[in-house]
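Observations on the model geometry
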Amino acid sequence: MDTNRKKIVDDLKEYQDISENDMNAYELLYTRLEEKNTDGFSLGFSKNIIQKIEAKQQRRFNIKIYCLASILILIGIPFFIGFMDQEFFTLLLSTFLKYKLLVVMVLAGVILIHFSDQLISKNKID
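Residues numbered from 1 in each chain as written. Predicted model: local features only at pLDDT ≥ 70, side-chain atom pairs only at ≥ 80, totals over all residues. Heavy atoms only, no water.

1. Overview of the overall build of the protein chain
We apply this condition: Helix numbering and strand numbering both begin at the N terminus, where a helix is a DSSP run of H or I of at least 4 residues and a strand a DSSP run of E of at least 2. When a residue's accessible area, from a 1.4 Å probe over protein chains only, is under 20% of the maximum for its type it is buried; when over 50% it is exposed; and in between it is partly exposed. Accessibility throughout is a Shrake-Rupley quantity obtained with a 1.4 Å probe, and a residue counts as covered only by protein chains that appear here.
Each helix and strand counted, the protein chain has five helices and zero strands in total. By the burial criterion, 4% of the 126 residues in the protein chain qualify as buried. In the form shown here, the protein chain has an accessible surface area of approximately 11,800 Å², with 66% of it arising from carbon and sulfur atoms.

2. Quick word on a nonpolar patch on the surface
Filter applied, for reference: Patch construction takes residues with relative accessible area above 30% that form no salt bridge. Like charges are linked within 9 Å, and nonpolar side chains (Val, Leu, Ile, Met, Phe, Trp, Tyr) are linked within 5 Å. We count a salt bridge whenever a side-chain nitrogen from Lys or Arg sits within 4 Å of a carboxyl oxygen from Asp or Glu.
On the surface, Phe89, Leu93, Phe96, Leu97, Tyr99, Leu102, Val103, Val106, Leu107 and Val110 cluster together into a nonpolar patch covering about 920 Å² of accessible area. Top contributing element to the nonpolar patch by residue count: helix H5 (residues 100-125), with five residues. Following the sequence through the fold, Leu93 ends up in helix H4 (residues 86-98). The exposure class assigned to Leu93 is partly exposed, which follows from its relative accessible area of 42%.

3. Section: the packing of aromatic side chains
The condition is simple: The criterion for an aromatic pair is that two Phe, Tyr or Trp rings (for Trp, the six-membered ring) have centres within 6.5 Å, with stacked assigned to planes under 30 degrees apart, edge-to-face to planes over 60 apart and tilted to the rest.
For the structure shown, the criterion picks out one aromatic pair. Geometrically, the ring pair formed by Phe80 and Phe88 is edge-to-face, given 5.8 Å between the ring centres and 70° between the ring planes. Judged by its relative accessible area of 33%, Phe88 falls in the partly exposed class.

4. Description of a positive patch on the surface
Which entries qualify depends on this criterion: Here the positive residues are Lys and Arg and the negative ones are Asp and Glu; neither His nor the chain ends is included. Where a charge lies is defined by one atom per residue type: Lys uses NZ, Arg uses CZ, Asp uses CG and Glu uses CD.
A contiguous patch of positive charge on the surface is contributed by Lys52, Lys56, Arg59, Arg60 and Lys64. Inspection of the secondary structure assignment puts Arg59 in helix H3 (residues 45-83). Owing to a relative accessible area of 46%, Arg59 belongs among the partly exposed residues under this scheme.

5. A word on the confidence of the model for the protein chain
Note the cut-off: Scored from 0 to 100, pLDDT reflects the predictor's confidence in each residue.
Residues with a pLDDT of 70 or more make up 77% of the protein chain, whose mean pLDDT is 80. Element-level pLDDT for the protein chain is lowest in helix H1 (residues 2-15), with a mean of 59, against a maximum mean of 89 in H3.

What follows is the structure in structure tokens.
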């Protein structure tokens, strides 16, 4: 590395009139850039910490939403069953059987979107 540095400094001398102070500044700059980070923290440390905090907050929010949805479903099922009669049940079953492929595709799409979102957020954190 010293040969490259000296070559660059020699090239600069050829094309410009560089003072001794500038030469020392260049020399100091090159040595500082070659040194490893001694603080123990990587350059993206704060960014990684912020991403992890945001991911935890997003997980907490998701858990709250899932709990709310679960409670609403548990409350809604008895009301739904209470209003059902034989005709409604046969109509619902025939409609489901008619559009079962569409229902399966929508469920698969929702599941794929959920897993891809988790994969993307996991890659951002790592």
